[in-house]
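Spelled out from the first residue to the last, the chains are:
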Amino acid sequence: MAKSTSKAKAATENETVNPQETEVQSHISAHVSLSQSDVEETEISIEKKLIALYSLQQIDSQIDKIKIIRGELPLEVEDLEDEIIGLETRIDNYIQEIEALKVSVKEKEAQIKDSHLQIKRYEEQQMNVRNNREYDSLSKEIEFQNLEIALAEKRIKEFTQMLSLKNEEIEAAQKVLDERKNDLEIKKSELADIVSETEKEENSLQSKSEEYQRYIEERLLTAYKRIRKNARNGLAVVSVERDACGGCFSAIPPQRQLDIRMHKKIIVCEYCGRILVDHGLASSVNH
């Protein structure tokens, strides 16, 4: 009874196999009979590795084409977002500077008011002096306070001019900010339209890419990704076309072409470092 239950459970699990994974395995197996048991082996033939690598390259190239369709929009959106943050920060700094200037103006106005009170008090004291020395001393205090008033008024004038300039700078920055926000909305809308058109296809291809990567050992996969990153067109695995590398178009000697067709080892282009596969293998994957 227990065995029957286990068999039933196993049958149910087999029925729920991921269709995406089944499609990938079937595609590869059609060329090299690469089953799950082969993946678990410590040694996978060079031919199978090359098939898996070239198949992965075809999928990743399709993903690259979708990203090319988007063009520079993602970068433009990112640049606009950064510029908006910078403008908002600049405006915030201007506002803080304006507040500081307003405080300074109030301080100077308070200082002027205090100086006027001091002058009034000194003038009252002059009315009751006992000698010229006291009178002259009070006169100097009055003169000093008048100088303080003149200096404070000068500072207030400077602060007022600075306030006017800061307000103009805020107005200009705010105008640019509004324009950039409008541009950002337009770019985001354009990008959203493109993404909505290609998102389903890209997600499907991305899933396939991840599935294909399972059939490639980590060291080889790391090398593949490094070559792709350094290659301008994203091609890490290319076929030999007309006796030349399909990536950099450098001529490949006949003996090296023979080695590539033998599938005894993974061979890279001496000039660009891309992994090379023979035309026959590439044709079998593409068809």
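In this report, the structure presented in the accompanying data block is examined. (Residues numbered from 1 in each chain as written. Predicted model: local features only at pLDDT ≥ 70, side-chain atom pairs only at ≥ 80, totals over all residues. Heavy atoms only, no water.)

## A short note on the nonpolar core
- Ile91, Val105, Ile112, Leu163, Ile170, Leu177 and Leu184 are the most contacted members of the largest nonpolar core, which has 26 residues in total.
- Elements that contribute at least two residues to this core include exactly helix H5 (73-126) and helix H6 (132-213).
- Excluding anything up to four places from it in sequence, Ile112 contacts Ile149, Ala152, Glu153 and Ile156.
- Counting residues in hydrophobic clusters, the runner-up holds 25 residues, among them Ile66, Tyr212, Leu281 and Val285. (Core = buried A, V, L, I, M, F, W, Y, C linked by side-chain atoms within 4.5 Å. Buried < 20%, exposed > 50% of the residue type's maximum accessible area, 1.4 Å probe, protein only. Helix = DSSP H or I, 4+ residues; strand = E, 2+ residues; numbered from the N terminus. Contact = heavy atoms within 4.5 Å.)

## Section: the environment of Glu124
- Looking at the secondary structure, you find Glu124 in helix H5.
- Each C-alpha atom, one on Glu124 and one on Leu138, is 9.8 Å from the other, the two residues being 14 residues apart in sequence.

## Things to note about the side chain of Arg228
- Following the sequence through the fold, Arg228 ends up in helix H7 (residues 218-230).
- Here the side chain of Arg228 touches Asp64 through a polar contact of 2.9 Å, side chain to side chain.
- Within the structure, the side chain of Arg228 is placed 2.7 Å from the backbone oxygen of Gly234, a separation counted as a polar contact.
- Not counting the four nearest positions on each side in its chain, Arg228 is found in contact with Gln57, Asp60, Asp64, Gly234 and Ala236. (Polar contact = N/O pair within 3.5 Å; in protein donor to acceptor, adjacent residues only side chain to side chain.)

## Notes on the sheet that holds strand E1 (residues 237-241)
- Read across the sheet, 4 strands follow the order E2-E1-E4-E3 without closing on themselves; strand pairing throughout is mixed. Of all the strands in the sheet, the pair left with one neighbour each is strand E2 (244-245) and strand E3 (267-268).
- Pairing analysis gives 2 bridges linking E3 to strand E4 (residues 275-277), with the strands arranged antiparallel. Residue pairing across strands places Val268 opposite Ile275, the latter belonging to E4. (Pairing = 2+ DSSP bridges.)

## Things to note about the packing of aromatic side chains
- For the structure on display, the rule yields 0 aromatic pairs.
- Here Arg121 stacks its cationic end above the ring of Tyr122, 5.5 Å away from the centre of that ring. (Phe/Tyr/Trp six-rings, centres within 6.5 Å; stacked < 30°, edge-to-face > 60°. Lys NZ or Arg CZ within 6 Å of the ring centre and 35° of its normal.)

## Some details on the packing of helix H4 (residues 46-70) against H7
- H7 packs onto H4 with a crossing angle of 35 degrees between their chain directions and a minimal axis gap of 12 Å. The crossing of H4 and H7 is right-handed. In this structure, H4 uses Lys49, Leu53, Leu56, Gln57, Asp60 and Asp64 to contact H7, whose residues at the interface are Leu220, Leu221, Tyr224 and Arg228.
- Among the residues making up the contact of H4 with H7, the classes are represented as 5 nonpolar, 1 polar and 4 charged. (Axes fitted to C-alpha atoms, helices over the stretch in contact; angles between N-to-C directions. Left-handed = near helix turned anticlockwise from the far one by under 90°. Nonpolar A, V, L, I, M, F, W, Y, C, P; charged D, E, K, R; others polar.)

## Some remarks on the environment of Tyr135
- One can find Tyr135 in helix H6.
- For Tyr135, a relative accessible area of 39% corresponds to the partly exposed category.
- In this structure the C-alpha to C-alpha distance between Tyr135 and Gln125, which are 10 residues apart in sequence, comes to 8.5 Å.
- If sequence neighbours within four positions are ignored, Tyr135 has contacts with Gln126 and Val129.

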